[in-house]
Amino acid sequence: MRIKKASFVTSIVKNSDFPGRGLDQIAVAGKSNVGKSSLINCLCNNQKLARTSSEPGKTRVINIFLINEAFHLIDLPGYGYAKVSKAMQEDWGTMMNDFLCGSPHLKHIFHLVDIRHEPGQHDRQMAEWIKAAGLPYTVVATKADKLAKSKRQQAANAAAKALGAPPYAIPFSTETGDGRDALLTRIGQILQDSEKTAVSDEKSSANP
């Protein structure tokens, strides 16, 4: 999988129509300041594509990017920032529930966690929401450059196990690019599986 073209589409606050809706969607979820925007920029090799901020909790909308004119990469707002008001936390929860359960085009979630720390309460809650929505997901352990190479995969897999996720996780570093190829390969597999399912569904509809 190679990303040849990436562009910002729009920001939304609820599961509404937007240009190009109908393509497959892959979403990126994670705690505030875990590195979601940086990961998107690294994947797309464009450091100005997704806005990053040193202030946690800054992203409070759902940002949508069109990749290779073929699918949408969704940057979900970060969770778990203590200074966010209770009302805003409730709004965030409503937004997440609406998006996760209301988009038939959402094929997969990349759930980002900080490789240096055991998944916290908010990480576990996010994992439960994803599972409740019936969505497949992959844990991506960011900031992998902060650990020795020999410990990265073990730490990433331990985080996935703690969240009840599929056992294989992807260690990722935006600083070094480690994990980028593995994540791109995973995206390619997700899109291929989606295409196969769509073809199978078409054949089933044509031959009831």
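Computed from a predicted model, the values in this text were never measured in an experiment.

S.K.: Summarise the environment of Ile170; cite the residues concerned and give the values.
M.R.: Here Ile170 is to be found in strand β7 (residues 170-171). Residues Ile170 and Ala182, 12 residues apart in the sequence, show an inter-C-alpha distance of 7.1 Å. For Ile170, the contacting residues outside a window of four places in its chain are Thr138, Val139, Val140, Ala141, Ala156, Gly179, Ala182, Leu183 and Arg186.

S.K.: Describe the pairing of strand β4 (residues 71-75), listing the residues and the values that go with them.
M.R.: Burial of β4 is extensive: five of the five residues sit out of reach of the surface. Every second residue of β4 is oriented toward a common face, with Phe71, Leu73 and Asp75 on one face and His72 and Ile74 on the other, all of them buried. Pairing of strand β2 (residues 24-30) with β4, which is carried by five bridges, proceeds in the parallel orientation. In the sheet register, Gln25 faces β4, and the bridge partner there is His72.

S.K.: Please give an account of the environment of Ile74 that cites residues and values.
M.R.: Considering the arrangement of structural elements, one finds Ile74 in strand β4. For the pair Ile74 and Phe110, spaced 36 residues apart in sequence, the C-alpha to C-alpha distance is 9.9 Å. The residues contacting Ile74, other than those within four sequence positions of it, are Gln25, Ile26, Ala27, Val28, Ile62, Asn63, Ile64 and Phe99.

S.K.: Quick one: what's the story with the confidence of the model for the protein chain, residue by residue and with numbers?
M.R.: Here the protein chain shows a mean pLDDT of 88. Residues at 70 or above account for 86%. Of all secondary-structure elements in the protein chain, the lowest mean pLDDT belongs to helix α2 (residues 86-102), at 75, while β7 reaches the highest, 98.

S.K.: Go over the packing of aromatic side chains, please, and point to the residues and values.
M.R.: The full count for this structure, using the stated rule, is one aromatic pair. Plain terms: the ring middles of Phe8 and Phe65 are 5.7 Å apart, the flat faces sit at 65 degrees to each other, and that makes the pair edge-to-face. You can see Phe8 sitting in strand β1 (residues 6-12) and its partner Phe65 sitting in strand β3 (residues 62-67), a full 57 residues away along the chain. Residue classification places Phe8 among the partly exposed residues on the basis of a relative accessible area of 44%.

What counts as what
- Numbers given for residues are sequential positions, taken from 1 along each chain in its written order.
- Local features are withheld for residues below a pLDDT of 70 in this predicted model, meaning they are given only at 70 or higher, and side-chain atom pairs are given and counted only at 80 or more; totals for whole chains, interfaces and linings count all residues.
- Side-chain measures were taken over the full set of non-hydrogen atoms in the model, leaving aside hydrogen atoms and water.
- What counts as a helix is a DSSP run of H or I of at least four residues, what counts as a strand is a run of E of at least two, and both are numbered from the N terminus.
- The contact criterion used is simple: two residues touch if any of their non-hydrogen atoms lie within 4.5 Å.
- We call a residue buried when its accessible area falls under 20% of the maximum for its residue type, exposed when it is over 50%, and partly exposed in between, using a 1.4 Å probe and counting protein chains only.
- We treat two strands as partners when DSSP finds at least two bridges between them.
- pLDDT measures the predictor's confidence residue by residue and takes values from 0 up to 100.
- The rule is short: rings of Phe, Tyr and Trp, with Trp giving its six-membered ring, pair when the centres are within 6.5 Å, and they are stacked under 30 degrees, edge-to-face over 60, tilted in between.

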